[in-house]
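A closer look at the structure
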Amino acid sequence: MTIETQPEDTHVDNCLALGSIVSSNSHLDYTVEIYKETDRERAPQIDEREFGQPVFIQKSVSGEPYLVMGVIYNTQLVDPDQGRTGTRLAQSDQGQFTPGYIEERTTLAGVALLGTARVTEDGLLTDPSHELPRWTLEVDDIVCQCPDELTKTFHMNDEGDLQFAYADRILNVGGPLGSDVLLSIIGRLRSMIADTDKNQRVLDVVEQNITWQAHTDRGVIR
Amino acid sequence: MASPHRSGGDSMNDRSDVIGAVSGPGDNPNEFLFVTPEDQAVKTGEFITYTVTVEGESRDVFARVTNREQIRGLPDTFLADPAVAPETIAATLGVPHDDTDLYQLTAMVIGYYDTMMSTFANPRQLPQTGTPLRIAPAEQLEAVLPNLGVASTTADVAQFDGLAHTGWLLNRPAGEVDIRMPIDEFASTHLAILASTGSGKSYTGGVLIEEMMLPSSRAALLIFDPHGEYDTLSEMQTHSAFEGDDGYQPDVVYFDEDRLRIRISELELGDIMAILDNPSDRMQERLAGGWRAMQNKDSRTWGVDELVEQMYTMYGEDDSSVGGLEWRLRRSIQRNELFQPDANVPLDEIVAAGQCTVLNMETLDSRNQQLIATVLLRRIYRERLNAMRGRESDIECPVFALFEEGHRFAPGSGSAPSIGILRTITSEGRKFGFGIGIISQRPSKIDQDVLSQCGTQITMKIRNPTDQEAIKKSVEAAGEDVLRELPGLTPGQAVLSGDAMNTPALVQIRKRLTDHGAGSLSATEQWSETYDRQQSQPVRSEPADFGGGESTGFEEL
Ligand SMILES: Nc1ncnc2c1ncn2[C@@H]1O[C@H](COP(=O)(O)OP(=O)(O)O)[C@@H](O)[C@H]1O
Ligand SMILES: [Mg+2]
C-alpha cells in the first residue's frame, strides 16, 4: 500500500529543501543559493528547481507556524573562479556576493514572494493569503519545493475559486519574465485540476489576458 | 493621517447627499464634466444642482446630465469567455471589482431660477473643479421645470389652478417629481404631439383633454378625430374626478358622419376648385363669376342647382364650360351628402365652455375630413375675431382644437384646403383665443410653418431620421441631448419642451382616468368574429353597385 506515503509528501516538514537565502534585492525579491550534491544527501534535481517552481519558506511568527510562499522566477550561474566581475542577479553596485561567501560554482535562483499561509497541526497549508507578506526573510532561511497539492491549496479561496491576486506584483518583480512566471504557474495549476473543473475556463481567460498583455508589452502586437 | 474635518450641523458642509464633484469644463461653453462612483446611479436626463455665487448672491444652479461614460471599470479582455463572468476573472487576479467603477458624466448648465424673470438665467460661469453636486430636490423641480412663473422655487405648485398634470420625471420614481404644464400656455401658443405610431400620442392627447376638462379648467375643446379613437372620453360625464363642487360635470358631445354637414355657401371658391375634377381655365373663370354672383345674393342657403342656373343665366344655356362644370359640381358636391344647401354644423352646439366635442370623421375620406375642418376652422376663427373685437359672436370663450393625423390637415406638400386657415390660426390665433393641437406620426410631412408655430411640443419615440430632422428644425428647444433620447423611448415616455416648459424634460405620461379608446385591433379576434357572422347568415346578396358616384375622385393623403 502506498497510501501512507501520501500525507508525508505534503507535510511541510517533509518537503524537499532547494537551497538557502543568501541575499535580497527588495522586500519581495530574494536570491537563493541552490543546494549541491555536496551540501545535502538529497540535493534538488534540475527539474525540481526549475523556472516557475513554487516554493515556500517556513517562518514562525509569534510562535505560530507560517509559510511564506514564493516562486522561482530567475536563475543564474556563478563561477567564483571567473573573478569578482562575474554577473550577478542584482544590480552591480550592490556588493552582496562578498568574496569568500560563494566559493564554488553555484546556481543562484531568484525567488519572488507571492503571499503567505498558515500551517495546520497536520503540517498542511491553510488560510492562503495573496497579500503582500509583511515579514522579512533572513539569510540562511531554507527554501523548500512546494508540492502540487499545497500549490493548489494556495491558489484556492474558501469558495473553491481560483485566485491569482499576486499577479500584479509578480508582473512587476519578475520584470520581463513576469508574465512567463505566471503562465508557468497557470500551466501547473491546469494539470492539478480536473479537465472539467469550471476553473479551467477561468484559467483560459486569465492566461489569454496575460499572454496578450505580454505580447503587447513586448511590441509583438499593439 | 488626520481624519477629515466636518463642521457639525452646517448643511453646506454636509456631503452625505453629494453625488459627485465637478472635474472640469466640457466641450461646449455650457458644459462641465463630473465624476461619480458606480453606486450613484445618475442617469442621463437627471437634473442636478450646485451652488455658485453670482454677483454676490448665492444661487442654486440647475444642470441636466447629458452623457455618462465609464472611465474606470474591468477591461474588455475579461469578457473573453461568455461563460465566465468578468468579475470572476477580476477576483482571480485580485483586481478590485466591487463598487470600483467610476463614471464621468457630462452636464449642461440650465441656469438658476431667476424669480424676477420667472425663468432660468444663465450664471455665465462654469462651476469650479471640485464643486460638489447634488440631485435637484423634487419640490424645486416641480416649481421650476414647467413654465409656471413661480415667484419662489419653493412654491407649492400642486395647489395652483389651470395646470395639466401630465406625468412625472422619468428618471425619478413614479410621482416623485410631478410635471404640471400650464394649460393657458400650451392652449394659446399651440401644441404638437409627435411620435411614431403606437408610442402613445393619442393616449397623451387623452390625458391633456382630461386635464383641460377638470372642474378647475372647464375648457371648450374640439377634437377632429379621423379614427374614432376618442369615444371613451364620454366616461368623463360620470367619472367622479370630473365632478365640480358646484355640480359641474363635463359635456362630451359626439358628432358623427350624419351630423357633419357643410353648407355649400360656406365654402370658398378655392375649396370648390380643389374639389372639382381638373376644371379647365375657362371653367374656373365661369365658376368664379357664378360664385361671386351667388355671394351677393341674400340667400345663404343656395345649392348646386341655384349655382348652375346662375351660371347658365350668365354664360348662356349652351355654354359647354358651364355644362362641364354642372356635371362636375353634381358629381363632386351634389352627390356628396356632406354638402347641403342649408344644413351645417351649428357652432353653438360644438363649442361651449365645459364641453368636449368629438368630431368622429372615421367614415369620411380624407378630402372630406379636410373640407369639414376647413369650414369649421374658418367659421370659428371668424367668430373669435368678432368676439375679440367686441362684435356679436357665437363663440364667447377661447377654443382649443385638437387634430389627430395633423399632417393630413396641414400637409407640407400637395394641396389641402385646410392649410391656409391652419397657418392663419397658428400664427395669429393666440391673439384671439384659438389654440390648435397637432398630433402626428409624420412630423416631416407637416407644413413647416404650422409645426414651427406650435409653441409646446410633446415628442415621444421617433426612429425615422427624416422625422427626427423635422423635429430638430421646427422644435427650437429640442437640443441634441434631447433628440438623442427619442429613438429609445418606450410608449408613454415623452420629452416635454417649448413654451409650457422652462427647460425640456423627459417625462412619463400619467395614466388616463378614462379608458384609452385606441387599442390596436386584434386581427385574429376580428377574423373569427366575422367568420361567425358569415356562418350565421348563409344567404348573402351582393350590394348594388352605384358606381363611383360617392367618390370625390381624390387620392387619400
Ligand atoms: N402614458 C401611458 N401609460 C400607459 N400606457 C400607455 C401610455 N401611453 C401609451 N400607452 C400604451 O401604448 C399604446 C399606444 O398608445 P397610442 O396613444 O394609441 O399610440 P399612438 O396614438 O401614438 O399610435 C396604448 O394602447 C397604451 O396601451
Ligand atoms: Mg393614435
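Keep in mind that this is a model prediction, so the values were computed, not measured.

The rules behind these values
- Per chain, the residues get numbers from 1 upward, laid out in the order the sequence is written.
- Chains and ligands are labelled by the order in which they are written, letters from A for the one and numbers from 1 for the other.
- Under the rules for a predicted model, residues below a pLDDT of 70 receive no local features and side-chain atom pairs below 80 are neither given nor counted, while totals for whole chains, interfaces and linings still include all residues.
- Side-chain calculation: all heavy atoms of the structure are included, whereas hydrogens and water are not.
- The secondary structure listing takes helices from DSSP runs of H or I that are at least 4 residues long and strands from runs of E that are at least 2 residues long, numbered from the N terminus.
- Working definition: with a 1.4 Å probe on protein chains only, accessible area under 20% of the residue-type maximum means buried, over 50% means exposed, and in between means partly exposed.
- We call two residues contacting when some pair of their heavy atoms lies within 4.5 Å.
- Method for areas: the Shrake-Rupley scheme with a 1.4 Å probe, in which residue coverage is limited to the protein chains shown.
- What marks off one domain from the next here is an automatic or database domain assignment.
- Buried area is calculated as the accessible area (1.4 Å probe) missing from two parts once they are joined, with the contributions of both summed.
- Only one rule defines a salt bridge in this text: a Lys or Arg side-chain nitrogen within 4 Å of an Asp or Glu carboxyl oxygen.
- Distance and chemistry together define a polar contact, namely a pair of N or O atoms within 3.5 Å, with one atom able to donate a hydrogen and the other to accept it when in protein, and with adjacent residues in sequence counting only for side-chain atoms on both sides.
- To estimate how far a helix should extend, the number of its residues minus one is multiplied by 1.5 Å.
- Each patch is built from residues that are more than 30% exposed by relative accessible area and take part in no salt bridge. Like charges join if they lie within 9 Å; nonpolar side chains (Val, Leu, Ile, Met, Phe, Trp, Tyr) join within 5 Å.
- When charges are counted, neither His nor the chain ends are considered; positive counts come from Lys and Arg and negative counts from Asp and Glu.
- Here the site of a charge means atom NZ of a Lys, CZ of an Arg, CG of an Asp or CD of a Glu.
- Put simply, a residue is near a molecule or strand once any heavy atom of it comes within 4 Å of that molecule or strand.
- Residue polarity is assigned by list, with Asp, Glu, Lys and Arg as charged and Ala, Val, Leu, Ile, Met, Phe, Trp, Tyr, Cys and Pro as nonpolar; anything else, Gly included, falls into the polar class.
- For two strands to count as paired, DSSP must find a minimum of two bridges between them.
- Interaxial angle, 0 to 180 degrees, is taken between N-to-C directions of lines fitted to C-alpha atoms, where a helix line uses only the stretch in contact.

Points about the overall build of chain A
What chain A contains, in helices and strands, is 5 helices and 7 strands. Beginning at the N terminus, the succession of helices and strands in chain A can be written as α-β-β-β-β-β-β-β-α-α-α-α. Classification of the 222 residues of chain A by burial places 48% in the buried group. Look at the contacts in chain A between residues 6 or more apart in sequence, and 66% of them connect residues 24 or more apart. Just so you have it, chain A exposes about 11,800 Å², and 47% of that area is on carbon and sulfur atoms.

Quick word on the domain arrangement of chain B
All names here are of chain B. Assigned domains of chain B: these are domain 1 (4-136), domain 2 (178-260 + 345-509), domain 3 (263-339) and domain 4 (530-556). A combined buried area of about 660 Å² lies between domain 1 and domain 2, and 46% of that area is made up of carbon and sulfur atoms. Per-residue buried area on domain 1 facing domain 2 is highest for Arg-64, Thr-66 and Phe-120; these three make up 51% of the total on that side. Where domain 1 meets domain 2, there are 0 salt bridges. On the surface where domain 1 and domain 2 come into contact, there are 5 residue pairs in polar contact (both at pLDDT 80 or more). Secondary structure elements with two or more residues in the side of domain 1 that touches domain 2: strand E4 (57-72), strand E5 (102-114) and strand E6 (119-121).

What about the side chain of Ser-179 of chain A?
Counting through the fold element by element, Ser-179 of chain A comes out in helix H4 (residues 178-192). The buried category is assigned to Ser-179 of chain A, whose relative accessible area is 7%.

Looking at H4 of chain A
Residues and elements named next belong to chain A. Relative to the 21 Å expected for 15 residues at 1.5 Å per residue, H4 spans 22 Å between its end C-alpha atoms, a close match to the ideal helical length. Every buried residue belonging to H4 is among Gly-178, Ser-179, Val-181, Leu-182, Ser-184, Ile-185, Ile-186, Arg-188, Leu-189 and Met-192, and all of these are buried. Those residues of H4 that are buried are in contact with strand E3 (54-61), strand E4 (64-78), strand E5 (106-119), helix H2 (148-154), helix H3 (167-173) and helix H5 (199-217).

Comments concerning the interface of chain B and chain A
At the junction of the two partners, chain B supplies 12 residues and chain A supplies 11 residues. Taking both partners together, chain B and chain A bury about 1,000 Å²; carbon and sulfur atoms supply 67% of that area. Interface area lost by chain B to chain A is led by Ile-89, Thr-92 and Leu-93 of chain B, which between them contribute 49%. Where chain B touches chain A, the interface holds 1 salt bridge.

Observations concerning a negative patch on the surface
Residue and element names in this part refer to chain B. On the surface, Asp-231, Asp-256, Glu-257, Asp-258 and Glu-362 cluster together to form a negatively charged patch. In this fold, Asp-256 is placed in the loop between strand E12 (251-255) and strand E13 (262-263). Taking relative accessible area as the criterion, Asp-256 reaches 36% and is therefore assigned partly exposed.

Concerning the site of ligand 1
Residues and elements named next belong to chain B. Taken together, the neighbourhood of ligand 1 is formed by 16 residues, with Gly-198, Lys-201, Ser-202, Tyr-203 and His-516 sitting nearest. Gly-200 is positioned such that a nitrogen or oxygen atom in its backbone is 3.0 Å from an oxygen atom of ligand 1. At 2.8 Å from an oxygen atom of ligand 1 is found a main-chain nitrogen or oxygen belonging to Tyr-203. Burial of ligand 1 by the surrounding chains reaches 77%, relative to a free accessible area of 560 Å². Breaking the shell around ligand 1 down by element, the ones donating at least two residues are helix H4 (201-213) and strand E20 (505-509). At 3 residues, the largest contribution of residues to the shell around ligand 1 is made by H4. Here the residues of the shell around ligand 1 are counted per class, giving 4 nonpolar, 9 polar and 3 charged.

Concerning the pairing of strand E10 (residues 191-194) of chain B
Residue and element names in this part refer to chain B. Side chains of E10 alternate between two faces, with Leu-191 and Ile-193 and Ala-192 and Leu-194 buried alike. As judged from the 4 bridges shared by E10 and strand E17 (residues 434-440), these two strands associate in the parallel manner. The partner of Leu-191 across the bridge, within E17, is Gly-437. By the bridge criterion, 4 bridges tie E10 to strand E18 (residues 456-459) in an arrangement that is parallel.

What about the sheet that holds strand E9 (residues 178-182) of chain B?
Residues and elements named next belong to chain B. In spatial order, the strands read E9-E8-E20-E19-E18-E10-E17-E16-E11-E15-E12; together these 11 strands make up an open sheet with mixed pairing. Single-partner strands in this sheet number two, and they are E9 and E12. In this sheet, neighbouring strand axes are inclined to one another by 25 degrees on average, regardless of whether the strands run parallel or antiparallel. As judged from the 5 bridges shared by E12 and strand E15 (residues 355-360), these two strands associate in the parallel manner.

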